[in-house]
Amino acid sequence: MSRVPVAVVGAAETERLGRVPEASQLQLHADAALRALADASLTPRDVDGVATAGESPVAIAHYLGLTPTWFDGTAVGGCSFMVHVRHAVAALREGLCSTVLVTHGESGRSQVGRARPARPPSSLAGQFEAPFGVAGPSTLFTLPALRYMHAYGVSEAQLAMVAVVQREWAAKNPRAYARDPLTVDDVLASRMIAWPFRKLMCCLVTDGGGALVLVAGDRARDFPQRPVWILGSGEGVETPLVSQMEDFTSSKAFRVSGRLAFDRAGIGPAEVDHLMIYDAFAHLPLYGLEDLGFVGRGEAAAFVGERHTAPGGKLPLNTNGGGLSYTHTGMYGMFALQESVRQLRGTAAAQVPDVRVSVAHGVGGMFAASGTVVMTNQEP
Amino acid sequence: MDRPLPVPTPETRHFWEGTLAGELRLQRCLDCERTYFPPRPFCPWCGGRRVAVFAASGRGRLYSYVIHHRPVPGFTPPYAIAVVELAEGPRLMTNLVDVPATPEALRLDMPLEVVFERVSEEIALPLFRPAGGEQ
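All values derive from a computational prediction rather than experimental measurement.

Attention shifts here to the overall build of chain A. In terms of helices and strands, chain A carries 13 helices and 11 strands. For chain A, whose C-alpha radius of gyration is 19 Å, the value lies close to the compact-globule estimate of 21 Å for 380 residues. The dimensions of chain A, computed from C-alpha atoms along their principal axes, are 50 × 45 × 40 Å. Counting only residues that meet the buried cut, chain A has 62% of its 380 residues in that class. Expressed as a percentage of contacts within chain A between residues at least 6 apart in sequence, the contacts between residues at least 24 apart total 73%. When the accessible surface of chain A is split by element, carbon and sulfur atoms take 53% of a total near 13000 Å². Charged side chains of chain A number 32 positive and 35 negative; the gap between the two group centres comes to 2 Å.

Here it is, written out as structure tokens:
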């Protein structure tokens, strides 16, 4: 079946990342949206489809003065934006709208106008996780890691190496929050948060946002920027309770999402030139590399240790520095998408030569959900 | 104790009445015979509505954990947040007692047994300690 191709024709982050207390969360969404629209030589009046998380699509449509005929507020955490792209592709092909805006903005550090999702005491999380001394993602997202390390003989030093390599990419990026080179010893000596996780194995906490503009068909070639075509996408869920993951060494959500994306794109891991794997914590890229099929079970730590994902390596990964070193507002997935788009356009700070296919893979919640987008700059 | 406390719902009431009575209660599907958690009045494997509550052995093994070094109301760091795999199959989150919160003392797959800690009039929490004697 021949499907109408869909492309990203506008993409931008907020002008500033990191510490942006002068903007509310809503304004961070809007700043990114206006910049992405300008990148496509469009204005809000041209938008008839909107997808967002962290704010309601009603709030974003109102604030920007939109009248959408399609909207999506899928809010499954940091990968929501990958899921929005997937849903936007379907909506555009179905003719529900013609110009989609996907927005992210989050005042993760400055907490200006930020609504925090609640886990009420009567919820399953409130009954079966909250009473046990949990304190956010650093005590939940990290919980499966020791079982993974035990199963595959992965050391704390190998876990630290993920952060070290990503800092090498961040060092090349003027917009990265943390750029000073790291050693494994630096990472292991940083403040202990939830053993085995030290602070430098945990993501940053920052303010910022990003937005994308998507259209379908031949029209995608009429914009100032080179179109980035969506080859395929996937989405997946597992559980809102990390304790209930079927297998602590693998994410069911990752496997489902990744398989859907590769199957639809008609390619395999060998065709991928550039990869973004949402790295809220240092173990996430290891799970992603294995669950997406880039390496075999238990091989990811050695793959990273052998520098295959580092500058000069055969599979450049998290080339903006990632959530560990570039930025992490809370729902980082949009930033992974932005770096994939830049690498395919040839405009990235740490540009990898000859990128034709990029994959942006995200996680939502504590391994609760996933979204995967396969993109190319090659004509469909 | 400043821990956030569970508020039972109609579907979880049997579990929390159980912990108060010194029982770790699970549910089993009477059609496909699988045991599941968290509580539901139907089987998440086959969708069957005929399920039964039973008292589990209280035994399990340490599946994974982290050792938290930051302060949290009601807890003194360092303390372990653990996931125990029960002998009957399901896993649940808990804290570990009667054992140092160190990587050396906490070995994955070590046998554990449940103890119940009364934290309020209505709630006793299932915590786990190293199992004594035979498994």
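Let us keep going from here.
Packed helices, taken two at a time, are described by the angle their axes make and the gap between the axes. All names here are of chain A. Interaxial distance between helix H1 (residues 25–39) and helix H2 (residues 57–64) falls to 10 Å at its minimum, and their mutual angle equals 60°. Judged by the angle between their axes, H1 and H2 are oblique. Considering how the two elements wind past one another, H1 and H2 form a crossing that is right-handed. Note on element contacts: H2 touches H1 through Ala59, Ile60, Tyr63 and Leu64, opposite Leu26, Gln27, His29, Ala30, Ala33 and Leu34. Partitioning the contact of H1 with H2 into residue classes produces 8 nonpolar, 2 polar and no charged.

Note that His361 of chain A resides in strand S10 (residues 357–364). Apart from residues no more than four positions distant in its own chain, His361 of chain A is found in contact with Met82, Phe254, Met276, Ile277, Tyr278, Leu292, Ser370, Gly371 and Thr372 of chain A.

Here we come to unusual backbone geometry. All names here are of chain A. Residue Pro196 is reached from Trp195 by a cis peptide bond, and omega for that bond is 10°. Examined against the element boundaries, Pro196 turns out to sit in the loop between strand S5 (192–195) and strand S6 (197–198). Positive phi is not limited to glycine here, since Asp354 has a value of about 60°. Along the polypeptide, Asp354 turns up in the loop between helix H13 (333–345) and S10. What makes Asp354 exposed here is its relative accessible area of 67%.

In terms of nonpolar packing, the biggest core is built from 140 residues, with Leu212, Leu214 and Leu289 of chain A touching the most fellow members. Residues within four places of Leu289 of chain A in sequence aside, it is in contact with Leu275, Ile277, Phe294, Val295, Ala300, Phe303, Val304, Thr309, Leu315 and Leu317 of chain A.

Taken residue by residue, the interface counts 39 residues in chain B and 34 residues in chain A. Summing both sides of the interface, chain B and chain A together bury roughly 3000 Å²; the carbon and sulfur share of this comes to 65%. Of all residues in chain B, Tyr63, Val66 and Met93 of chain B bury the most surface against chain A, accounting for 21% of the area lost on that side. Counting every contact that joins chain B to chain A gives 1 salt bridge. In this structure, Asp109 of chain B and Arg147 of chain A form a salt bridge, with 2.6 Å as the shortest nitrogen-oxygen distance. The interface formed by chain B and chain A holds 17 residue pairs in polar contact (both at pLDDT 80 or more) in total. At the level of secondary structure, the elements contributing two or more residues to the side of chain B that touches chain A comprise helix H1 (13–20), strand S4 (59–68), strand S5 (79–86), strand S6 (91–95) and strand S8 (124–130) of chain B.

The rules behind each value
- Residues numbered from 1 in each chain as written.
- Chains lettered and ligands numbered in written order.
- Predicted model: local features only at pLDDT ≥ 70, side-chain atom pairs only at ≥ 80, totals over all residues.
- Heavy atoms only, no water.
- Helix = DSSP H or I, 4+ residues; strand = E, 2+ residues; numbered from the N terminus.
- Rg over C-alpha atoms; globule rule 2.2 N^0.38 Å.
- Buried < 20%, exposed > 50% of the residue type's maximum accessible area, 1.4 Å probe, protein only.
- Contact = heavy atoms within 4.5 Å.
- Areas by Shrake-Rupley, 256 points an atom, 1.4 Å probe, with all protein chains shown as cover.
- Lys, Arg positive; Asp, Glu negative; His and termini not counted.
- Charge placed at Lys NZ, Arg CZ, Asp CG, Glu CD.
- Axes fitted to C-alpha atoms, helices over the stretch in contact; angles between N-to-C directions.
- Parallel < 35°, antiparallel > 145°, perpendicular 65-115°, else oblique.
- Left-handed = near helix turned anticlockwise from the far one by under 90°.
- Nonpolar A, V, L, I, M, F, W, Y, C, P; charged D, E, K, R; others polar.
- Core = buried A, V, L, I, M, F, W, Y, C linked by side-chain atoms within 4.5 Å.
- Buried area = accessible area lost by both parts, 1.4 Å probe.
- Salt bridge = Lys/Arg side-chain N within 4 Å of Asp/Glu carboxyl O.
- Polar contact = N/O pair within 3.5 Å; in protein donor to acceptor, adjacent residues only side chain to side chain.

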